[in-house]
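# Examination of the molecular architecture
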Amino acid sequence: MRYEIRVEGQMSRTMTDAFPELESCVLAGQTLLFGQVVDEAHLYGLLARFQSLGLHVVEMRRTAP
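In short, a report on the structure. Model, not experiment: these values are computed from the prediction. (Residues numbered from 1 in each chain as written. Predicted model: local features only at pLDDT ≥ 70, side-chain atom pairs only at ≥ 80, totals over all residues. Heavy atoms only, no water.)

### Brief notes about the pattern of salt bridges
Should the charged atoms of two oppositely charged side chains come close, the side chains can pair. Throughout the structure, instances matching the rule amount to four salt bridges. The shortest N-O distance in the salt bridge between Arg61 and Glu4 comes to 3.0 Å. Note that Arg61 is positioned in strand 4 (residues 57-63) and Glu4 in strand 1 (residues 2-8), a separation of 57 residues in sequence. Classification of Arg61 by relative accessible area gives partly exposed; the value is 42%. Note that Asp17 and Arg13 form a salt bridge whose closest N and O atoms lie 3.2 Å from each other. What makes Asp17 partly exposed here is its relative accessible area of 46%. Residue Arg13 is classed as exposed on the basis of its relative accessible area, which comes to 65%. (Salt bridge = Lys/Arg side-chain N within 4 Å of Asp/Glu carboxyl O. Helix = DSSP H or I, 4+ residues; strand = E, 2+ residues; numbered from the N terminus. Buried < 20%, exposed > 50% of the residue type's maximum accessible area, 1.4 Å probe, protein only.)

What follows is the structure in C-alpha cells.
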C-alpha cells in the first residue's frame, strides 16, 4: 500500500530522517511524505512517530500503487 501523509509546516532534515522509509518534499507550507506502508501495524507506528515528534498530520490518504 502506498500512502501520502501531509504534515503542517516544513519539517527539518532531522525530522524527515526519522522516517527513512518515506520520501519527502515541501509544498505550500506543508511537508508531504510518501511511500510504501507494509501493513496496518506499520501505518499506526508511523502515526505514533508523528505524534511523538509533535508533528500535526493534516491529511493522510492511500494512493494507487
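### Points about the sheet that holds strand 2 (residues 23-27)
Across a sheet, strands are paired by hydrogen bonds formed along the backbone, either parallel or antiparallel in direction. Spatially, 2-3-1-4 is the arrangement adopted by the four strands of the open sheet, whose pairing is antiparallel. Taken across any chain shown, the strands that pair with only one partner, and hence form the sheet edges, are strand 2 and strand 4. Here the strands of the sheet are splayed against their neighbours by 20 degrees on average, with no regard to which way each runs. Bridging between strand 1 and strand 4 involves six bridges; their strand directions are antiparallel. (Pairing = 2+ DSSP bridges. Axes fitted to C-alpha atoms, helices over the stretch in contact; angles between N-to-C directions.)

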